[in-house]
Amino acid sequence: MVIDLKGVEIGAIINREFSFKIDENLLADRNAEIESDVKFTGWYSLADSNTFAISGSLKINVRGVCDSCGDCYTRVYELPYKATFRVAPELDEYKFDGVSADIDKSVADAILLELPTRLLCKDDCKGICTICGQNLNKGKCNCNKDGDGDSPFAVLKDIKF
C-alpha cells in the first residue's frame, strides 16, 4: 500500500481508515494465512520533508491450525501499528522518498511482531491430552494424568519449585 503525500502540509495530522491487501502467505510458516484485506485505522503525518510517521491499529482475519489442539480456526486480531519513515532511515525506520511511503514492509513486520507467539483457536484452548490425543475442548478423556511412570517425563512431576 503506497500512501501518496503530495499536497499534505508538514505537521498536519491526517486521520484515515483504509483497507489493503498484504501477502496472504505471510504466516505460512506458522500454519496460518491472512484471510482478507488488512484494515488500518489511525493517523499519519508528514513531520518534515524527510520524515513520515504513521500510527494506529491493524485489523486482520487469520485462518489457520491451532498450535495447541490442531483444529482449524478463523480469528480476528487487532494489532497496534506504528512506524517511522525517513529519507535516510536508521535501524528501526523505513525508507521514504519524500513524496510517498510504501507501508507494506512495515505492516508485515508489525503483524509478525505483534501476533501472539502461539496462534490458538481461542484464548482458553485446552489443547490435547498428551496420552490419548483427545481434543480437550471437545470433551474430557479418562487417562490417568497422575502418571504411571510410562512417560519419560514422569520424573518431573515430583520436582518442587
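Located above this text is the structure these notes cover.
Below you will find a few notes about this structure. (Residues numbered from 1 in each chain as written. Predicted model: local features only at pLDDT ≥ 70, side-chain atom pairs only at ≥ 80, totals over all residues. Heavy atoms only, no water.)

Regarding its fold elements, the chain presents one helix and eight strands. For the chain, the α and β elements follow one another from N to C terminus as β-β-β-β-β-β-β-β-α. Its C-alpha atoms give the chain a radius of gyration of 22 Å, clearly above 15 Å, the size a compact globule of 161 residues would have. Expressed as lengths along the three principal axes of its C-alpha atoms, the size of the chain is roughly 70 × 35 × 20 Å. The 161 residues of the chain split such that 35% are buried. Counted over contacts in the chain with a minimum sequence separation of 6, partners at least 24 positions apart contribute 57%. As displayed, the chain offers around 10,300 Å² of accessible surface, 50% of which is attributable to carbon and sulfur atoms. Across the chain, 20 positive and 27 negative side-chain charges occur, with their mean positions spaced 6 Å apart. (Helix = DSSP H or I, 4+ residues; strand = E, 2+ residues; numbered from the N terminus. Rg over C-alpha atoms; globule rule 2.2 N^0.38 Å. Buried < 20%, exposed > 50% of the residue type's maximum accessible area, 1.4 Å probe, protein only. Contact = heavy atoms within 4.5 Å. Areas by Shrake-Rupley, 256 points an atom, 1.4 Å probe, with all protein chains shown as cover. Lys, Arg positive; Asp, Glu negative; His and termini not counted. Charge placed at Lys NZ, Arg CZ, Asp CG, Glu CD.)

It is worth spelling out the pattern of salt bridges at this point. Applying the stated rule across the entire model yields eight salt bridges. For glutamate 35, the salt bridge is made with arginine 63, and the minimal N-O distance between the two is 2.8 Å. Here glutamate 35, found in the loop between strand 3 (32-34) and strand 4 (38-48), pairs with arginine 63, found in strand 5 (residues 51-65); they are 28 residues apart in sequence, far enough to count as distant. You can call glutamate 35 partly exposed: its relative accessible area is 34%. Taking the shortest distance from any N to any O, the salt bridge between lysine 105 and aspartate 109 comes out at 2.9 Å. Here lysine 105 and its partner aspartate 109 are both found in helix 1 (residues 104-114), four residues apart, which amounts to about one turn of the helix. Through salt bridges with shared partners, one network takes in Glu33, Glu35 and Arg63. (Salt bridge = Lys/Arg side-chain N within 4 Å of Asp/Glu carboxyl O.)

Relative to the helices and strands, glutamate 90 resides in the loop between strand 6 (72-86) and strand 7 (94-95). Overall, the relative accessible area of 58% leaves glutamate 90 in the exposed class.

So, on to the packing of aromatic side chains. A ring pair, where both rings are aromatic, is described by two values, the distance of the centres and the angle of the planes. For the coordinates displayed, the defined rule picks out seven aromatic pairs. Pairing phenylalanine 18 with phenylalanine 20 gives two aromatic rings, centres 5.9 Å apart and planes at 45 degrees, and the pair type is tilted. Neither residue differs from the other here; phenylalanine 18 and phenylalanine 20 are each classed as buried. (Phe/Tyr/Trp six-rings, centres within 6.5 Å; stacked < 30°, edge-to-face > 60°.)

A few words on helix 1. All buried positions along helix 1 are accounted for by Ser106, Val107, Ala108, Asp109, Ala110 and Ile111. Among the structural elements, strand 2 (13-20), strand 3, strand 4, strand 5, strand 6 and strand 7 are those in contact with the buried residues of helix 1.

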